[in-house]
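Residue-level structure breakdown
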Amino acid sequence: MRYAGQFHDIEVPAPRPLDRDAAGIIRARFASEYDRLYGGTLPDYPIQALNWRVLVAGPAPDVDVRGSLATQPSLAAAQKPSRPMFVPDAGVVEAPVYERYLVPEGSTLQGPAILEEAEATTVLWPGDRLTVDQQRNLVIQVDARGAVPAAMRTSAAAPGEGE
Amino acid sequence: VTPVFDPISLEIMWSRLINISEECWVTIWRTAFSTIIGEAQDFGCELLDARAQSIAHSPRSMPVFNLTLPRAVEALFKAFPPETLADGDVLITNDPWVCAGHLFDLAVVTPVYRRGVLAGLVGSIAHLSDIGGTKDSAHAREIYEEGLQLPPLKLYEAGRLHDDLAAMIRANVRNPQMVWGDILAQVGSNQVGARRLLEFMDEYGMTSLEPLADEVQRRTEAAMRDAIRAVPDGIYRSQVQIESLGEPITLPCAVMVEGDELTVDWEGAPRQQPMGGLNCTYSYMAAHTVYALKSILTPDVPSNAGCFRPLHVRAPEGSILNCSYPAAVNQRTMTGWFCGPAVFRALAPVLPDRVQAFTGLPVSASAYGRDAQGRFFNDHIMGGGGQGGAAPCDGNPALMYPTSAGNVPVEMFEQRTPLLVERKELITDSGGAGMHRGGLGQRMRFRKLYDDGLPVLMQVVPHGQATPMVGLQGGREGRGVGLYVEGAQVSDQSGISQLVTLRRPDDVITVETAGGSGFGDPAARAAALIRRDLQDGYITGRGGAEATRRHGPELIR
């Protein structure tokens, strides 16, 4: 909920049952939460409710996502051109880049490396070890002590360059 | 007895104060009604001790607002001596000579009391979406035309709103519901800060903030003095030529370093301008000047009053950098935004690793009118220019420097105005060549969405037209700014800002921000960086990027 014209909203619990009296209760709860967060209310301003969140429970289906991705023969097919990556204490290293959805089940990778997908980017720091499990989850063993192999270090570039 | 702070406790307490100010910042951001505050983030929050000395501010605050707020508090104290204030008072002013240089920027300050004693102050300055006055700023001759002047006043007295003042403000601004909502966001933010400050003091059993304030200010001052001492004594000079009322004018900058004190003297700055609001008040000019110095000298130290004690700024009274009342000042960014670049340029020979080349200045575009339902809108969208190159790296594209404003999302602007943003794109080859090139400027294109004949008044303020800014240490200038109007009626031909009325879908405005200037000799640019720029489409083989030409065709393929 928010005052009409604002950009951000806050969550207010709705009463049960959601009957005729609920509007007044919601309004009062909004005012109280708004005052707690923001140090005052605006009584003359109209209020908007943008989203109604409902929690619904049902029997959990048995989902198997393994078949939803095309199987790929090799890790090599998942590899994309490498790119520079800034590692604190090590500087800029040239990190291999993989297309996440093409990395086959059972693959293992050693950081530094980058896995790209449409929704997110996963960064493996030096020393991190990645295994792709049967559901194609990325399971990472984090090891902050890992060092960057000398061959991956580049001296030509510095942080922030080129962006 | 002077309490001794161990370094760990001090760091925790100092960070807590910064965090309180950050919570104030978030409060305004989340409760504002205008795009200029709620999305473009054109505001800043600060905590001050009871002596009006700043202690901490949100890292996301507008630098110039943090630097001018202490001066505004001093003026408020002059009008309302601290011993006459009471718990629940809220003070305001938008006086450009003590505040942030034009009437849009309103300071809202709340004194915080602990057991009846003034503990400190919580305050903010925010750029209101409107403050009345003419929309045709380029033709304003005096401040009286620029809007509602609010000298130091009490908005609240002991917790009670002054309804007369509120009614007076609301009657004098466009979209009063929006403007008043934003002012209440500032009031609420101070309230949140006051609560947190008192909780903090209770937690540490502090009866006064002063010992802690003294310690953080002392350390910050010492860091600044160390940084100044590391610069060889001397006078470092530069000049920046800018356009003013269609004429080129020169801002001469002298940075004088003597031991652990530094003075910037703008002696020789041109007289204040009779029209167009291009004049900077001392408060505003000094803020831009010391902001650049702070960035150069102690970039890693959180800023507070101590930081600025060794820094001094002078400019001739009655000049464009220290104008006298009642000069018009509304568009003072057209002049003041060049103070920082002049300081960078002056110090480039002696501190080449600390400076950045000229950054293409942001363009602000605002749309005002009534939609088909009769609702008023008054929304801003800002576009940054390319950042200047520097010793360690290229400039970023589309940066709002020297402000910390945010890019207003196109979707948000389109939802609130009857305009279509047809393009918002980086301009290829716009970064100035250099060992490290300038960042890219951007192009924005606005079109009236509906063929209903309803007018949308757009004010577009491009900075730095016809004033190419050469880079530093051999870097080249970036691409300049551009403003193109198709079909629509242009009401201002002064060349300072454009007031354009869009009525039909074939009325179109295109704005281009400047690219950043380069740093260092373009011939020294690493081949790998040129290849990457080509790959990313930031430069073209055929285009104007000098570095590409210099490096020959084998790199272009």
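The structure presented is a predicted model; accordingly, all values stated were derived computationally and were not measured.

What follows is about the overall build of chain A. If you tally the helices and strands in chain A, you get one helix and nine strands. Ordered by position in the sequence, the α and β elements of chain A form the string β-α-β-β-β-β-β-β-β-β. Considering only intrachain contacts with a sequence separation of at least 6, the fraction spanning at least 24 residues in chain A is 40%.

Our next topic: the confidence of the model for chain A. Averaged over every residue, the pLDDT of chain A is 84; the share at 70 or more is 82%. Mean pLDDT per element in chain A: strand β3 (residues 79-87) of chain A is the minimum at 90, and strand β1 (residues 2-3) of chain A is the maximum at 97.

Residue and element names in this part refer to chain B. Under the definition given, this model contains 15 aromatic pairs over all chains. Here the aromatic rings of W25 and W29 are separated by 5.6 Å at their centres, their planes lie at 35°, and the arrangement is tilted. Here W29 and W25 lie together in helix α1 (residues 7-31), a separation of four residues that amounts to about one turn. A relative accessible area of 21% means that W29 is categorised as partly exposed. With a centroid separation of 6.0 Å and an interplanar angle of 90°, the aromatic rings of Y144 and Y325 are classed as edge-to-face. A residue pair is termed long-range when its members are at least 10 positions apart, and Y144 in the loop between β5 (117-127) and β6 (153-157) and Y325 in the loop between β11 (311-314) and α9 (333-336) qualify at 181 residues. On the basis of relative accessibility, which here comes to 48%, the residue Y144 falls in the partly exposed class. Given the relative accessible area of 44%, Y325 is considered partly exposed.

Here we take up the interface of chain B and chain A. Facing the 35 residues of chain B at the interface are 25 residues of chain A. Taking both partners together, chain B and chain A bury about 2,200 Å²; carbon and sulfur atoms supply 52% of that area. For the chain B face of the interface with chain A, the top three residues by lost area are R30, F33 and R532 of chain B, together amounting to 29%. There are one salt bridge connecting chain B and chain A. Measuring nitrogen to oxygen at the nearest pair gives 3.6 Å for the salt bridge that ties R195 of chain B to D35 of chain A. Inspection of the region where chain B meets chain A yields eight residue pairs in polar contact (both at pLDDT 80 or more). At the level of secondary structure, the elements contributing two or more residues to the side of chain B that touches chain A comprise α1, α2 (35-38), α5 (176-203), α11 (410-416) and α12 (527-536) of chain B. When residues in the side of chain B that touches chain A are grouped by element, the largest group, 10 residues, is from α5 of chain B. Looking at the side of chain B that touches chain A residue by residue, the classes come out as 13 nonpolar, 13 polar and nine charged.

Right, let's talk about the pairing of β11 of chain B for a bit. Residue and element names in this part refer to chain B. The alternating pattern of β11 places L311 and V313 on a buried face and H312 and R314 on a face that is not buried. Pairing of strand β10 (residues 261-265) with β11 involves four bridges; the strand directions are parallel. Bridge assignment links D265 to a residue of β11, and that residue is R314.

Moving on, we get to the packing of helix α3 (residues 63-79) of chain B against helix α7 (residues 282-297) of chain B. Residues and elements named next belong to chain B. Across the interface, α3 lies against α7 with an axial gap of 9 Å and an inter-helix angle of 130°. Comparing their axes, α7 and α3 come out oblique. The element α3 and its partner α7 pack so that their crossing is right-handed. Two secondary-structure elements touch here, α3 through P63, V64, L67, T68 and R71 and α7 through Y282, S283, Y284, A287, H288, V290 and Y291.

This next bit is on unusual backbone geometry. Excluding glycine, most residues fall at negative phi; most peptide bonds, likewise, are trans. Cis geometry marks the peptide bond from R16 of chain A to P17 of chain A; its omega dihedral reads 0°. With respect to the element layout, P17 of chain A can be found in the loop between β1 and α1 (22-38). Going from G111 of chain A to P112 of chain A, the amide bond is cis rather than trans, its omega being 0°. Within the fold, P112 of chain A resides in the loop between β5 (108-110) and β6 (113-116). Unlike most non-glycine residues, A52 of chain B shows phi in positive territory, near 70°. Look at A52 of chain B and you get buried, because its relative accessible area is 3%. Of note in the backbone geometry, Q473 of chain B takes a positive phi value of approximately 55° without being a glycine. Structurally, Q473 of chain B is set in the loop between β16 (456-461) and β17 (482-486). Under the relative-accessibility criterion, Q473 of chain B is labelled partly exposed at 40%.

Residues and elements named next belong to chain B. Estimated volume of the largest pocket: approximately 850 Å³. Along its surface, the largest pocket is lined by 36 residues, and P63, Y291, S295, P299 and Y401 are the ones closest to its centre. Of all the secondary-structure elements, those providing two or more residues to the lining of the largest pocket are α3 and α7. Looking at the lining of the largest pocket, the element that brings in the most residues is α7, giving four residues.

Below, the discussion takes up the sheet that holds strand β4 (residues 91-99) of chain A. All names here are of chain A. One open sheet holds the four strands; their spatial order is β3-β4-β6-β7, and the pairing between them is mixed. The two strands at the open ends of the sheet, each matched to only one other strand, are β3 and β7 (121-124). Taking the axes of each pair of neighbouring strands and ignoring which way they run, one obtains an average angle of 30° across the sheet. Pairing between β4 and β6: three bridges, direction parallel. Across the sheet, Y98 pairs through a bridge with L115, a residue of β6.

Residues and elements named next belong to chain B. For strand β8 (residues 234-244) and strand β9 (residues 247-258), the ladder comprises 11 bridges, and the chain directions are antiparallel. Residue pairing in the sheet places I242 in a bridge with I249 of β9. Alignment of β9 against β10, held across five bridges, turns out to be antiparallel. Residue A254 lies in a different strand from β10, and its bridge partner there is D265. Counted between consecutive antiparallel strands, the loop separating β9 from β10 contains two residues, among which G259 sits at a positive phi close to 65°.

Thresholds, definitions, all that
- Residues numbered from 1 in each chain as written.
- Chains lettered and ligands numbered in written order.
- Predicted model: local features only at pLDDT ≥ 70, side-chain atom pairs only at ≥ 80, totals over all residues.
- Heavy atoms only, no water.
- Helix = DSSP H or I, 4+ residues; strand = E, 2+ residues; numbered from the N terminus.
- Contact = heavy atoms within 4.5 Å.
- pLDDT = per-residue confidence, 0-100.
- Phe/Tyr/Trp six-rings, centres within 6.5 Å; stacked < 30°, edge-to-face > 60°.
- Buried < 20%, exposed > 50% of the residue type's maximum accessible area, 1.4 Å probe, protein only.
- Buried area = accessible area lost by both parts, 1.4 Å probe.
- Salt bridge = Lys/Arg side-chain N within 4 Å of Asp/Glu carboxyl O.
- Polar contact = N/O pair within 3.5 Å; in protein donor to acceptor, adjacent residues only side chain to side chain.
- Nonpolar A, V, L, I, M, F, W, Y, C, P; charged D, E, K, R; others polar.
- Pairing = 2+ DSSP bridges.
- Axes fitted to C-alpha atoms, helices over the stretch in contact; angles between N-to-C directions.
- Parallel < 35°, antiparallel > 145°, perpendicular 65-115°, else oblique.
- Left-handed = near helix turned anticlockwise from the far one by under 90°.
- 1 Å grid on protein atoms, 1.4 Å probe; cavity = no way out; pocket = protein on both sides within 12 Å on 5 of 7 lines; lining within 4 Å.
- Points joined across faces, edges and corners; volume = space filled by probe spheres on them.

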